[in-house]
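Overview (structure and organization)
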Amino acid sequence: MEFDALLLSRIQFAFVIAFHIMFPAFTIGLATFLAVCEGLWLKTGHEAFKRLYLHWVKIFALAFAMGVVSGVVMSYQFGTNWSVFSEIAGSVIGPLLGYEVLTAFFLEATFLGVMLFGWNKVGRKLHFVATCAVAIGTTISAFWILSANSWMQTPDGFAIDPETGNFYATDWIKVIFNPSFPSRLAHMLLAAYITTAAVVLAAGAWQVIRGRITTPTRWQIRMAAGTLAVLMPIQIMVGHESGLVAHEHQPAKIAAAEGWCESAPVQGTVLLAWPADNACGLDGITIPGTSPILFPGTPEGEDLKGLDAFDKADTPPIWLVFYSFRIMFAAGMAMLGLGLWGCFLWWRGRLDEKGLFHWAAVPGGALGFIAVITGWIVAEVGRQPYTIYGYLRTADSVSPVSTAQVATSLLVFMVTYAIIFTAGTIYMARIATRGFDDDPMGKPARERRAPGSPLGAVDDPAETGEDIVTAD
């Protein structure tokens, strides 16, 4: 492996986007969670939902800021490291990214201040509208980003200038709603909601372990476990649909993800693999004959393409794609297990009793991020060696920069991100796990241990009739 400017530029972009993608994945789901909490508070008048909102909105503000900063840094690389790509595809990609700014960023910027600082300044309903607007803005942002990225995966609605070689749009509807966009957008939005639910569940579980069981804690655990139990089966179906689209348009990606070395009418599912002396360099434990179930639309008598059907120069790095796909799937199944486990304990009335479930849920808070990052690796590394699949190679997209320049900027990014974003993540984790011992204004809430209550259980002031100092 030669660490030239191309490889280092790919590593740098991967490093930056791996940090960046965690924050939008979290804030998209958290904005929706906040809108649900505020809506429930307005509907029911239950103070626990407002306390949940005011607790998590602080984390949202910090995560949102970190996502914006890391996103701006990432966009600069289109000019510094990938200027040839920007020149060739800029007339298609540029407007899509511009639409995100015009629609999503403006909407978020308009209402974010009201959402964060509007208590005591605007009415309850107007504040709820601001929260919903921010949640909608994050979804619109995902819409345009996924549209641009999906177009790079399954380009449509464009032509190539024969003189300059530059791409230009001929049908913007086909560009925006390209073949892989609908399923990938749904997959990403569900991933955001699930990631947030896993974090909220982990924070609540830690509070139970520490004996800080309040009514908001009970609610957040139930909401998070229910979300995981309901959304994960849907996510599995949507992910499968996305795989079917990729199989149709990017067969080399699916061959690498599935571990298909040789083309055959019927393929199996490779569970685990190890290096081997064959066409694709792996062998493993295989469940035979699963392709008719997983890919039922394959015409009878037609081979499912393995990696041997493609030139070696046109195949993605198999090991990275293969194991990233399995890690993503395993993380998703683990979150489904946590959701079902939590709902079972809820049904049995034991969800607030400290136990193995809570100890498992705490590290489970990272599972959503693991699934998002490994899923991104499958999508982006599986697209290699192309930047625009089938039309523009990554090697032909890189800027004319030296290896030393890219190595220096990569080192600076790694050091800066390690310091700033690690500190920010630790601070958010401390806020999320410290519980609800304080009221929204930071003064001690008049909560007390109920006589005969379980260890760590406390009464909620809203239920005992005691006053709560709030931001109203």
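Residues numbered from 1 in each chain as written. Predicted model: local features only at pLDDT ≥ 70, side-chain atom pairs only at ≥ 80, totals over all residues. Heavy atoms only, no water.

**Considering the overall build of the chain**
Helix and strand content of the chain: 14 helices and 6 strands. Against the compact-globule benchmark of 23 Å for 472 residues, the chain has a radius of gyration of 24 Å, which places it among compact chains. Across its three principal directions, the C-alpha atoms of the chain cover 75 × 50 × 40 Å. Sorting the 472 residues of the chain into buried and exposed places 51% on the buried side. Contacts in the chain between residues far apart in sequence, at least 24 positions, make up 77% of those at least 6 positions apart. Split by element, the accessible area of the chain, about 21500 Å² in all, is 66% carbon and sulfur. When the 29 positive and 37 negative side-chain charges of the chain are each reduced to one mean point, those points stand 15 Å apart. (Helix = DSSP H or I, 4+ residues; strand = E, 2+ residues; numbered from the N terminus. Rg over C-alpha atoms; globule rule 2.2 N^0.38 Å. Buried < 20%, exposed > 50% of the residue type's maximum accessible area, 1.4 Å probe, protein only. Contact = heavy atoms within 4.5 Å. Areas by Shrake-Rupley, 256 points an atom, 1.4 Å probe, with all protein chains shown as cover. Lys, Arg positive; Asp, Glu negative; His and termini not counted. Charge placed at Lys NZ, Arg CZ, Asp CG, Glu CD.)

**Notes on the environment of L340**
Within the fold, L340 resides in helix α10 (residues 318–348). Assessed through its relative accessible area of 48%, L340 is described here as partly exposed. Considering only alpha carbons, one finds L340 and M232, 108 residues apart in sequence, at a separation of 9.9 Å.

**A few points about a nonpolar patch on the surface**
Residues Y99, V101, L102, F105, F106 and W172 make up a contiguous nonpolar surface patch of about 530 Å² in total accessible area. Broken down by element, the nonpolar patch gets its largest block of residues, 5 residues, from helix α3 (residues 83–117). Checked against the element boundaries, F105 lands in helix α3. Given the relative accessible area of 34%, F105 is considered partly exposed. (Patch = residues over 30% accessible without salt bridge, like charges linked within 9 Å, V, L, I, M, F, W, Y side chains within 5 Å. Salt bridge = Lys/Arg side-chain N within 4 Å of Asp/Glu carboxyl O.)

**Quick notes on the packing of α10 against helix α11 (residues 356–364)**
Relative orientation of the contacting elements α10 and α11 amounts to 145 degrees, with a least axis distance of 11 Å. The chirality of how α10 crosses α11 is left-handed. Packed against α10, whose contacting residues are L338, W341, G342 and L345, the element α11 presents L356, F357, A360, A361 and G364 at the interface. Class assignment of the residues belonging to the contact of α10 with α11 gives a composition of 7 nonpolar, 2 polar and no charged. (Axes fitted to C-alpha atoms, helices over the stretch in contact; angles between N-to-C directions. Left-handed = near helix turned anticlockwise from the far one by under 90°. Nonpolar A, V, L, I, M, F, W, Y, C, P; charged D, E, K, R; others polar.)

**A short note on the confidence of the model for the chain**
The predicted model of the chain has a mean per-residue pLDDT of 85, with 91% of residues at 70 or higher. Across residues 438–472, where pLDDT falls below 50, the model places 69 contacts with residues more than four positions away in sequence or in other chains. (pLDDT = per-residue confidence, 0-100.)

**Some words on the environment of A63**
Of note, A63 is situated in helix α2 (residues 47–80). In this structure the C-alpha to C-alpha distance between A63 and M22, which are 41 residues apart in sequence, comes to 9.2 Å. Leave out the neighbours within four places in its chain, and A63 touches F23, F26, T27 and M428.

**Here's the deal with the packing of aromatic side chains**
Considering all chains together, one arrives at 29 aromatic pairs under this definition. Geometrically, the ring pair formed by F26 and F369 is edge-to-face, given 6.2 Å between the ring centres and 65 degrees between the ring planes. One end of the pair, F26, is in helix α1 (residues 5–44); the other, F369, is in helix α12 (residues 367–381), and 343 residues separate them in sequence. Ring plane angle 85 degrees and centroid distance 5.0 Å describe the contact between F143 and F181, whose orientation is recorded as edge-to-face. Taken as a pair, F143 in helix α4 (residues 124–153) and F181 in helix α6 (residues 181–209) lie far apart in primary sequence, 38 residues in all. Of note, R326 hangs over the ring of F322, and the distance from its end group to the ring centre comes to 3.6 Å. (Phe/Tyr/Trp six-rings, centres within 6.5 Å; stacked < 30°, edge-to-face > 60°. Lys NZ or Arg CZ within 6 Å of the ring centre and 35° of its normal.)

**Some points on the packing of α1 against α12**
Close contact between α1 and α12 brings their axes to 10 Å; oriented N to C, the two are set at 135 degrees. In terms of orientation, α1 and α12 fall into the oblique class. Regarding α1 and α12, the two cross each other, and that crossing is right-handed. Contact residues: A14, I17, A18, I21, M22, A25 and F26 in α1; F369, V372, I373 and W376 in α12. Among the residues making up the contact of α1 with α12, the classes are represented as 11 nonpolar, no polar and no charged. (Parallel < 35°, antiparallel > 145°, perpendicular 65-115°, else oblique.)

**So, the nonpolar core**
Counting 119 residues, the largest nonpolar core has W56, F60 and W151 as its most contacted members. In this structure W151 touches V92, I93, D156, F158, F167, V175, N178 and I388, once residues within four positions along its chain are discounted. (Core = buried A, V, L, I, M, F, W, Y, C linked by side-chain atoms within 4.5 Å.)

**With respect to the environment of E241**
The topology assignment puts E241 in helix α7 (residues 215–249). Note on E241: relative accessible area 40%, which makes it partly exposed. Expressed as a C-alpha distance, the spacing of E241 and V372, which sit 131 residues apart in the sequence, is 17 Å.

**Some details on the pattern of salt bridges**
According to the stated counting rule, one finds 5 salt bridges in the structure shown. For D352, the salt bridge identified is with R218, shortest N-O distance 3.6 Å. Of the two residues, D352 is situated in the loop between α10 and α11 and R218 in helix α7; the sequence distance between them amounts to 134 residues. Given a relative accessible area of 22%, R218 falls into the partly exposed group. For E380, the salt bridge is made with R383, and the minimal N-O distance between the two is 3.0 Å. Owing to a relative accessible area of 6%, R383 belongs among the buried residues under this scheme. Overlapping salt bridges bring together R184, E380 and R383 as one network.

**As for unusual backbone geometry**
With an omega of 10 degrees, the peptide bond between Q384 and P385 qualifies as cis. With respect to the helices and strands, P385 occurs in the loop between α12 and β5 (386–388). Phi is positive for N120, which is not a glycine, with a value near 75 degrees. If you trace the backbone, N120 turns up in the loop between α3 and α4.

**What to know about α1**
Helix length check: α1 (40 residues) gives 58 Å between terminal C-alpha atoms against 58 Å at 1.5 Å per residue, within 8%. Of the residues flanking the end of α1, it is G45, one or two places downstream, whose phi is positive at about 75 degrees. (Expected span 1.5 Å × (residues − 1).)

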